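Here's the letter readout for the chains.
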Amino acid sequence: MSGITLGGRSKQDGSGGFSLFLRRWLANPLQMGSIVPSSPALTRRIAALVERAEDEVVVELGAGTGAVSRALLAAGVPPERLVVVEIVPDMARHLAQSLPGVTVIEGDAFALPEALPAALHGRVGTAICGIPLVLLPTEAQRRFVAAVEAVAPGRGFLLYTYCVTSPLPWRALGLAARREAFTPLNLPPASVWRYRPIG
Ligand SMILES: C[S@@+](CC[C@H](N)C(=O)[O-])C[C@H]1O[C@@H](n2cnc3c(N)ncnc32)[C@H](O)[C@@H]1O
């Protein structure tokens, strides 16, 4: 089941919730994928790759404590055009408190068609994946690709990763793949890949 918070609350929190991140990593390292939030160098590169028409939204999947979300806002994505999805209730609460005006959905990215308001289907300019997809079996990756395709037909998604080569078996998933950014200034160094459905 997913909960939706619209508009956020008033408390500002620029800390990034590092202790919350660490606690969640200790509780479920596979779900987190990383022991530390993404660095400013990485989040700036992700934000620079966003494509969005004025009436489209950016959807971030697996927003954690909001490191990427804050970079998207800093790069000019209006809060009312940013939707973040996070499966861990504590983290979704933290996001809602620290990102005023942003739509925070506590829910499962694999159920995106049900979690995302119907009015936003077909109005997603860029989807950004923070979920450690590389750790999942191909069948689960296929379900993720289908969930994004259902709400953002033909658009694909950005995926940040510590892998040197593509973290996804793109041919098997029916995707075209391109590494569009790299930074050594992240722990560990990271790349940003863009995947788009073929045909
Ligand atoms: C590596 S962290 C990324 C956090 C943040 N974007 C950053 O760069 O610091 C992965 C996040 O994905 C969330 N997550 C994992 N599986 C998910 C799912 N199926 N749906 C939504 N969020 C998920 C985890 O709870 C975690 O907050």
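Everything that follows concerns the structure shown earlier in this document.
Residues numbered from 1 in each chain as written. Predicted model: local features only at pLDDT ≥ 70, side-chain atom pairs only at ≥ 80, totals over all residues.

*Asks:* Would you explain the overall build of the chain in this entry?
*Replies:* Looking only at helices and strands, the chain features seven helices and eight strands. For a compact globule of 199 residues, the expected C-alpha radius of gyration is about 16 Å, and the chain comes in at 15 Å, within 12% of that figure. Here the C-alpha coordinates of the chain stretch approximately 45 × 35 × 30 Å along the principal axes. For the chain, the proportion of its 199 residues judged to be buried stands at 43%. Put simply, of all contacts in the chain between residues at least 6 apart along the chain, 71% involve residues at least 24 apart. (Helix = DSSP H or I, 4+ residues; strand = E, 2+ residues; numbered from the N terminus. Rg over C-alpha atoms; globule rule 2.2 N^0.38 Å. Buried ≥ 20, exposed ≤ 12 C-beta atoms within 10 Å, placed from the backbone. Contact = placed C-beta atoms within 7 Å.)

*Asks:* Would you mind going over the packing of helix H3 (residues 40–48) against helix H4 (residues 67–74) with me for this structure?
*Replies:* For any two helices packed against each other, one specifies the inter-axial angle together with the distance between the axes. At a minimum axis distance of 8 Å, the contact between H3 and H4 shows a crossing angle of 55°. By the angle between their axes, H3 is oblique relative to H4. Considering the relative orientation of H3 and H4, their crossing is right-handed. Here Thr 43, Arg 44, Ile 46 and Ala 47 of H3 come into contact with H4, specifically with Ala 67, Val 68, Ala 71 and Leu 72. In the contact of H3 with H4, the residues fall into six nonpolar, one polar and one charged. (Axes fitted to C-alpha atoms, helices over the stretch in contact; angles between N-to-C directions. Parallel < 35°, antiparallel > 145°, perpendicular 65-115°, else oblique. Left-handed = near helix turned anticlockwise from the far one by under 90°. Nonpolar A, V, L, I, M, F, W, Y, C, P; charged D, E, K, R; others polar.)

*Asks:* Explain unusual backbone geometry to me, please; I cannot follow it from the model alone.
*Replies:* Peptide bonds are, in most cases, trans, and in most cases residues other than glycine have a negative phi. Residue Leu 187 is joined to Pro 188 through a cis peptide bond whose omega torsion reads -10°. Tracing the sequence through the fold places Pro 188 in the loop between strand S7 (175–183) and strand S8 (190–197).

*Asks:* Looking at this structure, how should I read the environment of Glu 114?
*Replies:* Checked against the element boundaries, Glu 114 lands in helix H6 (residues 112–115). Sequence separation between Glu 114 and Val 151 is 37 residues, and the spatial gap between their C-alpha atoms is 9.6 Å.

*Asks:* Any chance you could explain the site of the ligand here in plain terms?
*Replies:* Around the ligand, a shell composed of 23 residues is seen, among which Pro 37, Ser 38, Gly 62, Gly 64 and Gly 130 lie nearest. Residues that form the shell around the ligand fall into these classes: 14 nonpolar, seven polar and two charged. (Near = placed C-beta within 6 Å.)

*Asks:* What am I meant to see in the pairing of S8 here?
*Replies:* Moving residue by residue along a regular strand, the side chains alternate between the two faces of the sheet. Here five bridges tie strand S6 (residues 157–161) to S8, and the two strands are oriented antiparallel to one another. For Tyr 160, the partnering residue across the bridge sits in S8 and is Val 192. Of the pairings in the sheet, the one linking S7 to S8 comprises eight bridges and is antiparallel in character. Across the sheet, Ala 181 pairs through a bridge with Val 192, a residue of S8. Taking the residues that link successive antiparallel strands as the turn, the S7-S8 hairpin has six residues. (Pairing = 2+ DSSP bridges.)

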